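These are the residues of each chain, in order.
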Amino acid sequence: MRKIITVIAIVMVSLANAQAFKGKGDIKGQVGMTIQDGGTGIGVSADFGMGENMSFGIVAGYMLNANEIAGFKPRFEDRADLKVRFNANIGNVLKLDPKMDVYPGLNLGLRNFGGHLGARYFFTNGFGMFAEANVPLARYDTEVNGFENYNNQFVFTIGASFNL
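Numbers given to residues run from 1 along each chain, matching the order in which its sequence is written. Since the coordinates come from a predicted model, pLDDT governs what is reported: local features require at least 70, and pairs of side-chain atoms require 80 or more to be given and counted, while whole-chain, interface and lining totals use all residues. Excluded from the side-chain calculations are hydrogens and water; all other atoms, namely the structure's heavy atoms, are used.

Student: How do you make sense of the overall build of the protein when you look at a structure like this?
Tutor: In this text, helices come from DSSP runs of H or I with a minimum length of four residues, and strands from runs of E with a minimum of two, each type numbered from the N-terminal end. Scanning the protein from N- to C-terminus turns up two helices and eight strands. When the helices and strands of the protein are placed in sequence order, the string is α-β-β-β-α-β-β-β-β-β. Only protein chains enter the accessibility calculation, which uses a 1.4 Å probe. A residue is then buried if its area is under 20% of the maximum for its type, exposed if over 50%, and partly exposed in between. Per-residue burial over the protein gives 40% buried out of 164 residues. Here, two residues are considered to be in contact whenever any of their heavy atoms come within 4.5 Å of each other. Here the contacts in the protein between residues at least 6 apart in sequence split such that 56% fall between residues at least 24 apart. Surface accessibility follows the Shrake-Rupley procedure with a 1.4 Å probe radius. Residue values consider only the protein chains on display as shielding. Only carbon and sulfur atoms are counted for the fraction: they give 69% of the accessible area of the protein, which is about 9200 Å².

Structure follows, in structure tokens:
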């Protein structure tokens, strides 16, 4: 019984110290499943705190089960994307629980310039969950055809977030 109470106390303390965004010097890593028209995949990102409410980061995505188009299978370069991004971490501005962060932002990728809106919730100091929606605002190619559409559309990502 004593061990159970000790474990519960440790978990409660770790939950009390969980914080979604700490500001300058904070580093977050995320891995999740991407969901979009034409297939699903994996997304990996890292964010680096620059100030109290600002961070920048990098995002990489790869479609694992992309649909064929006109009988052709997509190549690696059709499935992959890489972006740099800027976030405005506004959880504390909105007076949310310190374990929760909301971050709108802009990203610049290999295929487009876009925007995103995400939210993180940390259960402990090191582990949390996130959800993020990405949308292209301006495409580099005005006529997006075939596989080019895979990285030029609305993408929803959900997964795990970590303090690094």
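Okay, back to it.
Student: It is not clear to me how the packing of aromatic side chains should be interpreted in this structure. Could you clarify?
Tutor: Given two aromatic rings, one states the distance between the centres and the angle between the planes to describe the pair. In this scheme Phe, Tyr and Trp rings, the latter by its six-membered ring, pair at centre separations within 6.5 Å, and the angle between planes marks the pair as stacked below 30 degrees, edge-to-face above 60, and tilted otherwise. One pass over the full model with this rule turns up six aromatic pairs. Each ring, one from F147 and one from Y150, has its centre 5.7 Å from the other, and the planes form 40°; the classification is tilted. The two residues F147 and Y150 agree in class, both being buried. A network of ring pairs unites the aromatic residues Y121, F123, F127 and F162 as a single cluster.

Student: Mind showing me how you'd approach the sheet that holds strand β1 (residues 27–36) here?
Tutor: Think of a sheet as strands paired side by side through backbone hydrogen bonds, with each pair either parallel or antiparallel. Pairing between strands requires that DSSP locate at least two bridges from one strand to the other. With antiparallel pairing, the eight strands of this closed barrel are ordered in space as β1-β2-β3-β4-β5-β6-β7-β8. Averaged over all pairs of adjacent strands, the angle between strand axes in this sheet comes to 25°, irrespective of strand direction. Relative to strand β4 (residues 80–88), strand β3 (residues 54–63) is paired through nine bridges, and the arrangement is antiparallel. Considered in β4, the bridge of S55 is made with N87. Inter-axis angles, ranging from 0 to 180 degrees, are taken between N-to-C directions of lines fitted to C-alpha atoms, where helices are fitted over the stretch in contact.

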